[in-house]
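Here is what each chain is made of, one letter per residue.
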Amino acid sequence: MLAGPPPSFNAGPPTQPMQQQAHPPSQMYPNQFQQPTLPPNFQGNQHQPPALPPNFQGNQQAPPAGPPTYPNMQQQQYQQQPTLPPPSSVGNQPQFPPQSHYPPDNQQLPPPTHFPLQPPAPGNQPQYPSQPPMMSNGINQPSMPQTYPNQGPPLPPPSSSSVAATSNSLRPAPITPNQFGPPPTMGVPQFPSQPSFPNQPPSNLAGMPQYPGTQPPFSGPPSTFPSANQPPPPTGYPQQQLPPQYGSQSHLSGPSTVPGSQLNGPGTYPGQMPPAPVQQQQQQQQPYQPQRIDPDMVPNVVQVLEQSQEKIQQPFITNAPGLLPPLVATDFVCQDQGSCNPRFIRSTTYTIPNAHDMIKQSHIPIALAISPLANLRPDELGPPVTNFGEIGPVRCHRCKAYMCSFMQFIDGGKRFLCCFCEAATDVPTEYFNHLDHSGRRMDWYQRPELCLGTYEIVATKQYCKDEKWPEPPAFIFMIDVSYNSVRSGLVEYICHILKTDLLDYLPKDQGAETSNVRVGFATFDKQIHFYNIKNTLGQPQMMIVSDLEDIFVPLLDGFLCLPQDSRGVINSLLEQIPQTFANTQETETILAPVIQAGIQALKGANCTGKIYLFSTTLPIAVAPGKLSNRDDKKLLGSDKEKTLLAPINNVYTKLGEECAQNGCAVDLFVFPNNYLDLATIGEVCRVSGGQIYKFNYFSIENDGERLHDELKRNFQRTTVFDALMRVRTSAGIRPIDFLGNFYMTNATEMIFGTIDSDKSVSVELKHDDKLPVESNTYIQAALLYTSISGQRRLRILTLALTVTSAYTSLYPACDLDTIMNYITKVAIRSVTMSTPKSIRDNIITQAANMLACYRKNCAQATTAGQLILPETLKLLPVYVTALIKCDALTGTQTVSTDDRSLLMQRVMSMDIKGTFAYLYPRIYALHDLDENNLPPPMIRCLYERLSESGAYVIENGLVMYIWLGSQVNPTFVQSLFGVQTGHIQPEKCRIVDLDNPISRNVRTLLNMIRNERNAHMKLFVIQQRDSIEPFFKNYLVEDKGFTGGASYVDFLYHLHREIRNILQ
């Protein structure tokens, strides 16, 4: 179906014969950037959209309709059409306008991005068998234009007069009903000489990479249309007639098959074209190079990021409601002056529609992405801690909102008006202060809660369980000592790194000299072995529990100890464990009783904490939580895949709930050689707030460094325990839907066993009533937690948004980064409830409706031949292209079932920066690094942008590839890897610590990437035309995927047709 991840998520050795190799998670991620919105009255330059040159030539003809396409046809043939003469000038590329600063409501809307979409010139095209062989090489070949199921008919051949382009539009001729043809493509226009974009090589006119052989089948995405019981989405420009078969279809369940559509068979996919008559077959054998849109003519992520970064000349100041923050992938500094830093909370739009009807028409979700513990830059202010003493936090007596900078004091400071519910609350005597002439308290700037959007409160005993102060948390390490684990060297390696290094990196509070975290150790196979490490013992003691039905911990005193107190006994234990189990023959393991024992141990010690569980095999031993192998790769990508990706029972879900309620979480490190059923056992991590780390076919040589680094990062990142989060909003809207990895016992509170700086949740808001346009609306997220030192605290995050009744104010205030984060999580959650096709259809429909509403309400004075994109949403098509091809969403048999489950769980807890990286991977050139300019400029995700004489790194936050061109300098390879080009192995190749500029610069860059992503990321080294190069190519989200899926340019045509269908 669509693109997939690398030869397995954490790397099953690609040395095996292309064995179920997970294809690289296709990535990308949207967000338009707007200049860090500046204070009111700032005069921003408004830029005009690009105008096409007057002498653009468009004579292009669509083919006559061929006979209908039937499902399961073995070949697709194409009719021959005359080719277009090449344009005389091809070197110059149009410049896209920089994004404009959005004006206040009373100013003009910023100009939208628009570019014409013209019909293609089809011709002799190669035949495409229905099943793709594995690619033999990656030579650039011309791309095939793609058609899509349910798309409108093709444009007929225009007369010479109809294509005379004006300076800013191209008008296609009217559509002839009941004709299907290839999607439009456009010859490269002649442009006046302009500089090409920075960091982008000239477009390769040979076309985007097309793999030799065949296009794989693709069963979607035809998009759905509004159902009959919904008001039709906005319509707005001259429309062209469509065939009568475009009837109303359900928005939720995905489109039914359109009667009479010849493109709707199961074997069709975007990119397929109607077959040509049999007599044309002889003309099909010669390759044809079709004209196409120049990729530089369409909005692209790299250019938008560069333009956005150039506009950031000063800090983003949060001193007014509704300011749109800079793009999440740009480098900016935030000054908190009332609303919280956007790294903590982002909204899909910073101007809320005043009524639900606007949301229904625009299809823009109203949602928040909340990362309550997000890391800040070193030059940004962290949340200050305030202590209200015995009176506890100051709150509204009605809605219980916490004091914030938007509360208004009245009656000389004796009462305050709540900005959320407008109730008046008496100010406690201890908190009273006089007001100045403007109505502000005299101590306004001395109190963080009065002048900042983010602050922390030291909680009182009323906020603790049983009104008792909590103990510092503990870490329990539970190690699988079965045959597989011992044989691979895993047991010995874990004990070694814990003993020699990792216990020195246990987390501690800011300013603390030593960590208060206690540690405990247990091992397991078919039984559980507990160890007494009390510092008064000369040697550790082992206690075995074999009754797995009613699990208990045989010792409380001595199981959890401070490492600095019991270091000698702990070191002795870690030396003895590998020796004790060195000759084990036990192959069966248990899992659920092990987790249960960890929970019991933490409960017995009356503390919160984490269970680090190291497991290698499916738990098949007779015990609670026993599982069997139910893997069936044939189901992946089919309508029945949801049975495979949902848990088989609720045993591990209930364990996760117990963890969350007891303030602990499970971090699961798995080292499988085959199926593990992560869909089931991963539930304990999902519900408790933990995380899964997967190391396929573990070997110390290939994975030891990554295991060590991931554990170290896990220890060091900001983590809190026994957390509870609640979101409060102004009257008129309320939170109704919550997405992420947590547990809920009621409709408003999210419970986390632990939550860390890399985790995020999404919250959808719904209107209860109309909002007054002249007012603001406020949002407050409160996180109650136990810190790493055992202190109970509250973190308060407050955000102010404006309200509008006009679409011309709504669209300029949209944050595409947040919209895509939310749409991605909704889609991933649907995988276990819906079918792949309907999920993709719904994503495309939502995107088309968002753009159609803009077209209707904000850009009526444009011609129908143009695709109009709002400035803030101009990257929406490229992000949607990537999302519907990504591995987490559209599994194919090249991604294993467990890798798919892992990806789904990882994406559900991703913050906005994570989804951006996942949807649109970063590519950097390595062959010309400058140590004074790291990281270097990004490169677009197009194969044609990679030079055969270059070397590049691509990363999506989960995995990294280094790609070496076939003509790369051998000296570069020797300087980087210490071996000749012919000796490079994809997984085993290491960047050697050599004393030369190439090695130093590449290692510095990779460390920068890993630190920014806070993940080690498995590294593969791929040579051009390698057998596993297709996995690398799946990250190039603007190209076609090797398992199917449209390219970015082809998807634009499909989206344009969808918008025109909606507007009719």
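The structure presented is a predicted model; accordingly, all values stated were derived computationally and were not measured.

Student: I keep staring at the overall build of the chain and nothing clicks. Help me out?
Tutor: Counting its secondary structure elements, the chain contains 22 helices and 30 strands. A fraction of 79% describes how many contacts in the chain between residues 6 or more apart in sequence connect residues 24 or more apart. Carbon and sulfur atoms provide 49% of the accessible area of the chain, an area that totals close to 37000 Å².

Student: Looking at this model, I keep getting lost on the pairing of strand E12 (residues 471–480). Mind explaining?
Tutor: In summary, the side chains of a regular strand alternate between the two faces of the sheet. Counting buried positions along E12 yields 9 of 10 residues, so the element is predominantly enclosed. When E12 meets strand E16 (residues 607–615), the two strands line up parallel, connected through 7 bridges. When the bridges of E16 are listed, Phe477 appears paired with Tyr612.

Student: What should I look at first to understand the sheet that holds strand E29 (residues 959–964) in this one?
Tutor: Pairing within the open sheet is mixed, and its 4 strands lie in the order E27-E28-E29-E30. Single-partner strands in this sheet number two, and they are strand E27 (922–925) and strand E30 (1018–1023). Taken pair by pair, the neighbouring strands of this sheet meet at an average axis angle of 20°, ignoring direction. Contacting strand E28 (951–955), E29 and E30, helix H19 (residues 970–977) runs over the sheet at an angle of about 145° to E29.

Student: Which parts of the structure should I look at to understand the UniProt feature "domain: Zinc finger Sec23/Sec24-type" (unreviewed entry) in the chain?
Tutor: When the UniProt feature table is mapped onto this chain, "domain: Zinc finger Sec23/Sec24-type" (unreviewed entry) is found at residues 393–431. Secondary structure over residues 393–431 splits into 0% helix and 23% strand, and the C-alpha atoms at its two ends are 10 Å apart.

Student: Is there a simple way to explain the sheet that holds strand E10 (residues 424–426) in this structure?
Tutor: Picture the strands of a sheet paired through backbone hydrogen bonds; they go either parallel or antiparallel. One open sheet holds the 3 strands; their spatial order is E8-E9-E10, and the pairing between them is antiparallel. Two strands close off the open sheet at either side, each with one partner strand: strand E8 (408–410) and E10. For this sheet the average axis-to-axis angle between neighbouring strands, irrespective of direction, equals 35°. Pairing of strand E9 (residues 415–417) with E10 involves 3 bridges; the strand directions are antiparallel. When the sheet's bridge partners are listed, Leu417 is paired in E10 with Ala424.

Student: I keep staring at H19 and nothing clicks. Help me out?
Tutor: Spacing of three or four residues puts side chains on the same side of an α-helix, whose turn is 3.6 residues. Among the residues of H19, Phe972, Val973, Ser975, Leu976 and Phe977 are the ones counted as buried. Angularly, the buried residues of H19 cover 170° about the axis, an arc narrow enough to put them on a single face. Next to the buried residues of H19 lie E28, E29, helix H20 (997–1013) and E30. By the N-cap criterion, in which a side-chain oxygen at the helix start approaches the backbone nitrogen of a residue two or three places on, H19 is capped by Asn969, the distance to Thr971 being 2.8 Å. Trailing H19 by a residue or two, Gly978 shows a phi angle of about 70°, which is positive.

Student: Mind showing me how you'd approach the environment of Arg447 here?
Tutor: Tracing the sequence through the fold places Arg447 in the loop between E10 and helix H3 (448–451). Classification of Arg447 by relative accessible area gives partly exposed; the value is 21%. Between the C-alpha atom of Arg447 and that of Pro384, which follows or precedes it by 63 residues, the distance is 9.6 Å. Setting aside residues no more than four positions away along its own chain, Arg447 makes contact with Phe388, Tyr431 and Arg441. Within the structure, Arg447 has its side chain in polar contact with the side chain of Asp443 (distance 3.0 Å).

Student: Just to check I follow, could you spell out the packing of aromatic side chains for this structure?
Tutor: To describe a pair of aromatic rings, one takes the distance between the centres and the angle between the planes. Enumeration over the complete set of coordinates arrives at 25 aromatic pairs. Seen in terms of ring centroids, Phe409 and Phe416 are 6.0 Å apart; in terms of plane orientation they differ by 55°. Their pairing is tilted. When the centroid spacing of 5.9 Å and the interplanar angle of 75° are considered together, the rings of Tyr943 and Trp963 count as edge-to-face. In this pair, Tyr943 is assigned in the loop between E27 and E28 and Trp963 in strand E29, connecting sequence segments 20 residues apart. Taking relative accessible area as the criterion, Trp963 reaches 0% and is therefore assigned buried. Here the aromatic residues Phe475, Phe477, Phe521, Tyr612, Phe614, Phe669, Tyr693 and Phe715 are joined through ring pairs into a cluster of three or more. Its end group placed over the ring of Phe332, Arg343 keeps NZ or CZ at 4.4 Å from the ring centre. When the ring centre of Phe409 is taken as reference, the NZ or CZ atom of Arg441 above it lies at 5.1 Å.

Student: When you look at the side chain of Thr348 in this model, what are you seeing that I'm missing?
Tutor: In this fold, Thr348 is placed in the loop between strand E4 (345–347) and strand E5 (351–353). For Thr348, the residues in contact, after removing those within four places along its chain, are Pro365, Ile366, Ala367, Ala813, Cys814, Asp815, Thr818 and Ile819.

Student: Which parts of the structure should I look at to understand the packing of helix H14 (residues 816–830) against helix H17 (residues 897–908)?
Tutor: The relative placement of two packed helices is expressed as an angle between their axes plus a distance between the axes. Two elements in contact, H14 and H17, have axes whose closest approach is 9 Å; the angle formed by their N-to-C orientations is 145°. For the pair H14 and H17, the crossing hand works out as left-handed. Residue-level contacts link Thr824, Lys825, Ile828 and Arg829 of H14 to Met904, Val907 and Met908 of H17. Here the contact of H14 with H17 is composed, by residue class, of 4 nonpolar, 1 polar and 2 charged.

Student: What exactly am I supposed to notice about the confidence of the model for the chain here?
Tutor: Regions with low pLDDT should not have their predicted coordinates read in detail. In the predicted model, the chain carries a mean pLDDT of 78, and the fraction of residues at 70 or more is 72%. Taken element by element, the chain is modelled with least confidence in strand E1 (residues 113–116), mean pLDDT 61, and with most confidence in strand E6 (residues 367–370), mean pLDDT 97. Considering only residues more than four positions removed or in separate chains, one finds that residues 1–108, a stretch of pLDDT under 50, has 461 contacts. Note on residues 119–290: pLDDT under 50 across the span, and 523 contacts to partners over four residues away in sequence or across chains.

Student: Mind showing me how you'd approach the nonpolar core here?
Tutor: Buried together is how nonpolar side chains tend to be arranged in soluble globular proteins. With 121 residues, the main nonpolar core has Leu964 and Phe977 as its most contacted residues. Setting aside its immediate chain neighbours within four residues, Leu964 contacts Gly950, Ala951, Phe972, Val973, Phe977, Ile984, Val1021, Ile1022, Gln1023 and Gln1024. One finds Phe559, Ala592, Ile599 and Val670 within the second-largest nonpolar core, a separate group that totals 44 residues.

Student: Quick question: what am I supposed to make of the pattern of salt bridges here?
Tutor: Two side chains that carry opposite charge are able to pair once their charged atoms sit near each other. Summed over all chains, the structure comprises 47 salt bridges. Between Lys634 and Asp632 there is a salt bridge, and its shortest N-O distance comes to 3.5 Å. On the basis of relative accessible area, Asp632 is assigned to the partly exposed category, the value being 25%. It is possible to trace a salt-bridge network through shared partners that takes in Asp296, Arg940, Glu944, Arg945 and Glu1038.

Student: Which parts of the structure should I look at to understand the packing of helix H7 (residues 592–604) against helix H9 (residues 651–661)?
Tutor: Where H7 meets H9, the closest approach of the two axes is 11 Å, and the angle between their N-to-C directions is 10°. Here H7 is positioned roughly parallel relative to H9, judged by the angle of their axes. In this structure, H7 crosses over H9, and the sense of that crossing is left-handed. Between H7 and H9, the residues in contact are Ala592, Ile595, Gln596, Ile599 and Lys603 and Val651, Tyr652, Leu655, Glu658 and Cys659, respectively. Taken together, the residues of the contact of H7 with H9 sort by class into 7 nonpolar, 1 polar and 2 charged.

Student: Whenever I open this one, helix H6 (residues 567–580) confuses me. Can you help?
Tutor: For H6, built from 14 residues, the straight-helix expectation of 20 Å at 1.5 Å per residue is met to within 8% by its first-to-last C-alpha distance of 20 Å. Of all the residues in H6, the buried ones are Val569, Ile570, Ser572, Leu573, Leu574, Ile577 and Pro578.

Student: Looking at this structure, I do not really get unusual backbone geometry. What am I missing?
Tutor: Leaving glycine out, the prevailing phi sign among residues is negative, and the prevailing peptide bond configuration is trans. Along the chain, Leu934 connects to Pro935 via a cis peptide bond; the corresponding omega equals -5°. Residue Asp466 is not a glycine yet carries a positive backbone phi of 55°. You can see Asp466 is positioned in the loop between strand E11 (454–458) and E12. At Asn606, a residue that is not glycine, the phi angle is positive and equals roughly 60°. When you line up the elements, Asn606 lands in the loop between H7 and E16.

Quick notes on the rules
Residues numbered from 1 in each chain as written. Predicted model: local features only at pLDDT ≥ 70, side-chain atom pairs only at ≥ 80, totals over all residues. Heavy atoms only, no water. Helix = DSSP H or I, 4+ residues; strand = E, 2+ residues; numbered from the N terminus. Contact = heavy atoms within 4.5 Å. Areas by Shrake-Rupley, 256 points an atom, 1.4 Å probe, with all protein chains shown as cover. Buried < 20%, exposed > 50% of the residue type's maximum accessible area, 1.4 Å probe, protein only. Pairing = 2+ DSSP bridges. Axes fitted to C-alpha atoms, helices over the stretch in contact; angles between N-to-C directions. UniProt positions renumbered as here; feature names shortened; annotations may be inferred. Arc of directions from axis to C-beta. Polar contact = N/O pair within 3.5 Å; in protein donor to acceptor, adjacent residues only side chain to side chain. Phe/Tyr/Trp six-rings, centres within 6.5 Å; stacked < 30°, edge-to-face > 60°. Lys NZ or Arg CZ within 6 Å of the ring centre and 35° of its normal. Left-handed = near helix turned anticlockwise from the far one by under 90°. Nonpolar A, V, L, I, M, F, W, Y, C, P; charged D, E, K, R; others polar. pLDDT = per-residue confidence, 0-100. Core = buried A, V, L, I, M, F, W, Y, C linked by side-chain atoms within 4.5 Å. Salt bridge = Lys/Arg side-chain N within 4 Å of Asp/Glu carboxyl O. Parallel < 35°, antiparallel > 145°, perpendicular 65-115°, else oblique. Expected span 1.5 Å × (residues − 1).

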